[in-house]
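Inside the fold
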Amino acid sequence: MADTPRAQWSDAATVLFIADLHLDPGRPRMIDAFRAFCAGPARTARAVYILGDLFEVWIGDDDDNPVWDRVLDAIGALSARGVAIHFMPGNRDFLVGDRLLARTGMSRLDDIEVIGLGDRRTLLCHGDTLCTDDGAYQAFRNQVRSPEWQQDFLARPLAERRRIAAGLRGDSGDAMSGKSAGQMDVNANALRALCREQVVDRVIHGHTHRPGHDRWTVDGKTVERWVLADWFTAGSMLRAHGGVIESVDLGTT
Ligand code: LP5
Ligand code: MN
């Protein structure tokens, strides 16, 4: 028997989904694009779901880079207007903590969430856990998601955390150049197993940076999948409204 979804949105509500923005102090135009999203289309929504990698790297809520104020203030202003903003951690920003959530008014999602969109049970995840052919990444993930490791990392000075994160980005880039595209994509069996376990008719995820919309057969039933686009060259979102989901290109500012 399927669990009751944590949230249920009627077809009359507008619900938005974004992921993989990779906001970075070195890419101010995308920070502007995100602020424009918060001050524009997001205001028309009842809820916004951020499905991971909002930040290029998040090294702790005490990061004092003033650029983050521009991002966090925009989110705070949106939630102050009554839009429910949900944050799911990705592989770049799993260190987002309670301080940032309190400041912005966002609520934290689990790594796997099922919501009701109209009469469709919709599973939300970042997407990295479905990349089961990437054993090196999954081992890395297990390590950095352990509370002990996180406590140790967060206790280090900011400058040292910045250096470690930059080193990991380099190591990850080197590792990825030795992996095939298929190995870094979602594993079909993992996706089907999750759909079966969670009894869903729809999946929305990001992480792979391969936006698309396709259909899967799971035990004879059709499951619809949407993969969110990244924000490397332009903003992008999925909008659910009136029983329909559409992909919307937000452009740049
Ligand atoms: O992010 P993306 O899409 O480029 O690549 C991911 C996987 N890489 C990662 C690593 C991050 O990019 C590194 C930055 C994270 C910063 C987090 C905040 C700071 C905390 C510091 C944490 C130590 O997620 C990549 C996948 C790819 O997606 C596709 O799915 O392939 O995975 C890797 O490249 C991982 C490597 O295969 C193995 C790890 C290399 C690093 C080894 C150092 C081990 C040190 C352990 C520290 C405790
Ligand atoms: Mn990711």
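See above for the structure.
Residues numbered from 1 in each chain as written. Chains lettered and ligands numbered in written order. Predicted model: local features only at pLDDT ≥ 70, side-chain atom pairs only at ≥ 80, totals over all residues. Heavy atoms only, no water.

1. Quick notes on the site of ligand 1
In the neighbourhood of ligand 1, 23 residues make up the surrounding shell, with R92, D134, W149, L168 and R169 lying closest. R169 has a polar side-chain atom sitting 2.7 Å from an oxygen atom of ligand 1. In the complex, the protein chains occlude 86% of the 1,000 Å² of accessible area that ligand 1 would expose alone. Among the detected pockets, ligand 1 sits in the largest pocket. Breaking the shell around ligand 1 down by element, the ones donating at least two residues are helix 4 (135-144), helix 5 (147-154) and helix 6 (158-177). (Near = heavy atom within 4 Å. Polar contact = N/O pair within 3.5 Å; in protein donor to acceptor, adjacent residues only side chain to side chain. Areas by Shrake-Rupley, 256 points an atom, 1.4 Å probe, with all protein chains shown as cover. 1 Å grid on protein atoms, 1.4 Å probe; cavity = no way out; pocket = protein on both sides within 12 Å on 5 of 7 lines; lining within 4 Å. Sits in = over half its atoms within 2 Å of the grid points. Helix = DSSP H or I, 4+ residues; strand = E, 2+ residues; numbered from the N terminus.)

2. Some remarks on the coordination of the manganese ion (ligand 2)
D53 (OD), N91 (OD1), H126 (NE2) and H207 (ND1) make up the full set of protein donors to the manganese ion (ligand 2), lying at 2.1 to 2.2 Å. Sequence spacing among the residues donating to the manganese ion (ligand 2) works out to D-x37-N-x34-H-x80-H. With N91 in the loop between strand 4 (84-87) and helix 3 (98-104) and H207 in the loop between strand 8 (202-205) and strand 9 (212-218), this pair connects stretches of sequence that are 116 residues apart. (Donors = N, O, S within 2.8 Å, 3.2 Å for Na, K, Ca; no water.)

3. Regarding the sheet that holds strand 3 (residues 47-50)
Two orientations exist for strands paired in a sheet by backbone hydrogen bonds: parallel and antiparallel. Reading across from one edge, 5-4-3-2-11-12 is the order of the 6 strands in this open sheet, with mixed pairing throughout. Strand pairing shows two members of the sheet lacking a second neighbour, strand 5 (107-108) and strand 12 (244-251), which therefore form its edges. One ladder, built from 4 bridges, connects strand 2 (residues 15-18) with strand 3; its direction is parallel. From the neighbouring strand, L16 faces strand 3, where its bridge partner is V48. Each of strand 2, strand 3, strand 11 (235-241) and strand 12 touches helix 1 (residues 28-39); the most contacted strand, strand 2, lies at about 170° to it. (Pairing = 2+ DSSP bridges. Contact = heavy atoms within 4.5 Å. Axes fitted to C-alpha atoms, helices over the stretch in contact; angles between N-to-C directions.)

4. Comments concerning the layout of surface pockets
Quantified by volume, the largest pocket comes out at close to 830 Å³. Of all the secondary-structure elements, those providing two or more residues to the lining of the largest pocket are helix 4, helix 5 and helix 6. Among the elements that line the lining of the largest pocket, the one with the most residues is helix 6, at 9 residues. The residue inventory of the lining of the largest pocket, partitioned by class, reads 18 nonpolar, 7 polar and 8 charged. Of the volumes computed, that of the second largest pocket is approximately 180 Å³. Surrounding the second largest pocket, D24, P25, E56, V57, I59, D63, N65, W68, R162, A165 and A166 form its lining. With 3 residues, helix 6 is the largest single contributor of residues to the lining of the second largest pocket. (Points joined across faces, edges and corners; volume = space filled by probe spheres on them. Nonpolar A, V, L, I, M, F, W, Y, C, P; charged D, E, K, R; others polar.)

5. A short note on the side chain of T122
Mapping T122 onto the fold places it in strand 7 (residues 120-125). A distance of 3.3 Å separates the side chain of T122 from the backbone oxygen of R120, its partner in a polar contact. Those residues in contact with T122 that lie beyond four places of it in its chain are E113, V114, I115, L117, V200, R202 and I204.

6. Let's talk about unusual backbone geometry
Despite not being glycine, D20 has its phi angle at roughly 55°, a positive value. Residue placement: D20 occurs in the loop between strand 2 and helix 1. A relative accessible area of 0% places D20 in the buried class. Non-glycine residue D219 carries a positive phi angle of around 50°. Relative to the assigned elements, D219 resides in the loop between strand 9 and strand 10 (221-227). The class for D219 is exposed, based on a relative accessible area of 60%. (Buried < 20%, exposed > 50% of the residue type's maximum accessible area, 1.4 Å probe, protein only.)

7. Notes on the pattern of salt bridges
Scanning all chains against the criterion turns up 24 salt bridges. The salt bridge partner of R6 is D110, with a shortest N-O separation of 3.3 Å. Pair noted here: R6 is in the segment before strand 1 (7-9) and D110 is in the loop between strand 5 and strand 6 (112-117), with a separation of 104 residues, a long-range link. Classification of R6 by relative accessible area gives exposed; the value is 54%. With a relative accessible area of 45%, D110 lands in the partly exposed category. One salt bridge connects E246 with R239, and the closest N-O pair in it is separated by 2.6 Å. Take E246: its relative accessible area is 36%, and that puts it in the partly exposed class. The partly exposed category is assigned to R239, whose relative accessible area is 28%. One network of salt bridges, in which partners are shared, links D111, D128, R141 and R145. (Salt bridge = Lys/Arg side-chain N within 4 Å of Asp/Glu carboxyl O.)

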